[in-house]
Structure formats: structure tokens, C-alpha cells
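Residue-level structure breakdown
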Amino acid sequence: MPTALIRRPGPRLAEGLVTHIERRPVDIALAASQWQQYVDALHRTGWSTVEVPPIEECPDSVFVEDTMVVYGDLAVIARAGANERRPEAAAAEETVAKQGYRIAHITDPGTLDGGDVLKVGSTMYVGQGGRTNTAGVEQLRAAFAPLGADVRAVPVRKVLHLKSAVTALPDGTVIGYEPLVDDPSAFDSFRSVPEEAGAHVVLLGEDRLLMAASAPRSAELFADLGYTPVVVDISEFEKLEGCVTCLSVRLRQ
Ligand SMILES: CN(C)C(=N)NCCC[C@H](N)C(=O)O
């Protein structure tokens, strides 16, 4: 059974970082309920989950995707681009090591957030922008090239992370909402979607795509393409520039 790492939101969630959007009030109770529905959707579609211990003093710790990049049997532990998020990594490293992964680290002067890394087969597109720097990309390439990964840097200026702008369908097509994609030609294949959150899918296996309720026209598009959208409302996390990929780390199937 495939496994996903998750991390429950803490009491300071509403203080999470916002960069490209205006801050809006976050309903903590609603966020907790939305997080549980996200986890239930993973369970309903055959995923087991392992909780990374919460870290209450870190408002953004629920966005566990950012703490690491996993490929093959190796987990590269990130060095967050935002200083205040650096304390999130330690417990995430312990948890993924217990799952049997070898560990490597991004180290100073490199910075990297897992949300900047989109894996499409053996290609890793790495967004270089506010959180991930050149040294971070080079260290990621050094770690994963021996495993056969082709690590390619792409510019990210309009949004927080690469996966704020693009993710990929099961057939490898990269999808994005064009006004927010710096360079669609950077991807081997690209298809535009009609709304921002339509760019964010988590591949649950077979034809199922976990996606946000804020992208109904994109859900229709994916259904027309023969996929099965699994829709969750993550409005409170979207207020903190989060999306469906941020709330989990999918480990090897
Ligand atoms: C793909 N995305 C967007 C992520 N993996 N991470 C979202 C982090 C949001 C947090 N408030 C921050 O600014 O760090």
C-alpha cells in the first residue's frame, strides 16, 4: 500500500507566511476539519499515512511537502528558503528515515523547498526563485543524478513555488495556469488549465487526481480527459499559499 507523510496543522497556522497574496483571516477549526478530510481522501483511495510529529511553534509545518524531496530510496532533506521554516525539517527527517530511506541534506549556502520540485518520471524540474537557489539546485542534482534523475532548473518569479504554478498528469503532461507560469516552454509537454488551482494535482494512482474544490472547470477538463478528480476543499490552506501537493509527501508506491 503506498504511503504518504502528513503533518497536522498547529495552533499558529494563521500566522503562516504569505508572499504573493494578501493575508486573509484563517479559520483554524475549519482548517483542522479540511485537513482531516484531505487525509480521509488519501485513505479512501488506498493510501496509508504516517504522521510527522507536529511542531506547534512553526505555523507552516502542515506544508510537509517542503521539508524533503524523495526519489528512489533517497530522501534529500530540504534547507528551507525561509529561515523561520528551518526547524520543521528535523522531525520530518526522523520520520522518513524510519520509513527506510537513505538521507542526504541540502546544506548552507544551498536553500530549497520541496514545493519547488516537480518530478515527471526521471525528470526533476526545480523552480529557482524565492525559496530555492542555484546552490540548492546543484546539491539536489548531485544527490539524485547517480539515481538517474535529470534535474532541470526552471525560473519561478510569479508565484511562491514551482508547484504553485505547475504539476503533472499521470501521462507526464505538465499542467499550469498560464498567467502564473514563467516559461511553459521549459517543459517537455505543457497544457494550460482554466484556473489557478487547476494546476495542482496529486497523483493518487490509476486515473485518480486529488485536487482542490476551487478548480471546478479544471476538474471538468480532467474528467473529459478520462481522469477521476478526487475533490477536497482546502480554502484555509489556500489563504496561506498552500495547495493540495503541499499537505503530503508521497513515498514509493
Ligand atoms: C507547492 N507549495 C505552494 C508548497 N509546497 N508550499 C506552500 C507553503 C506555504 C507557506 N505559507 C510558505 O509560504 O512557506
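Numbers given for residues are sequential positions, taken from 1 along each chain in its written order. For this predicted model, a pLDDT threshold of at least 70 governs which residues receive local features, and a threshold of 80 or more governs which side-chain atom pairs are given and counted, while totals over whole chains, interfaces and linings are taken from all residues. Side-chain measures were taken over the full set of non-hydrogen atoms in the model, leaving aside hydrogen atoms and water.

Bringing the packing of aromatic side chains into the picture now. Aromatic ring pairs: the centre-centre distance and the angle between the two ring planes describe each pair. Between the rings of Phe, Tyr and Trp (Trp by its six-membered ring), a pair exists once the centres lie within 6.5 Å; its type follows the angle of the planes, with under 30 degrees stacked, over 60 edge-to-face, and the other angles tilted. Taken as a whole and judged by the stated rule, the model has four aromatic pairs. Note on phenylalanine 63 and phenylalanine 237: the rings are 6.2 Å apart at their centroids and 90° apart in plane angle, and the pair reads as edge-to-face. One end of the pair, phenylalanine 63, is in the loop between strand S2 (48-51) and strand S3 (68-71); the other, phenylalanine 237, is in helix H6 (residues 235-238), and 174 residues separate them in sequence. Accessible area is worked out with a 1.4 Å probe on protein chains only. A residue is then buried under 20% of its type maximum, exposed over 50%, and partly exposed in between. The class of phenylalanine 237 is buried, set by a relative accessible area of 0%. On the basis of an interplanar angle of 20° and a centroid distance of 6.4 Å, the ring pair of phenylalanine 187 and phenylalanine 190 is categorised as stacked. In this structure phenylalanine 187 comes out as buried when scored by relative accessible area, which is 7%. Connected via pairs of aromatic rings, a cluster forms that spans Tyr125, Phe187 and Phe190. Strands here mean DSSP runs of E at least two residues long; helices mean DSSP runs of H or I at least four residues long; both are numbered from the N terminus.

A few words now on helix H3 (residues 134-144). All of the buried residues along H3 are Ala135, Gly136, Val137, Leu140, Ala143 and Phe144. As for H3, its buried residues are in contact with S3, strand S4 (74-77), strand S6 (117-120), strand S7 (123-128) and strand S8 (150-155). The contact criterion used throughout is that any non-hydrogen atoms of two residues lie within 4.5 Å.

For salt bridges, the criterion is a side-chain nitrogen of Lys or Arg within 4 Å of an Asp or Glu carboxyl oxygen. All told, the structure shown has 13 salt bridges when counted by the stated rule. Between glutamate 88 and arginine 85 there is a salt bridge whose closest N-O contact spans 2.8 Å. Residue class for glutamate 88 comes out buried when judged on its relative accessible area of 2%. According to the relative accessible area criterion, arginine 85 is buried, its value standing at 7%. Because the salt bridges share partners, they merge into one network encompassing Asp66, Arg85 and Glu88.

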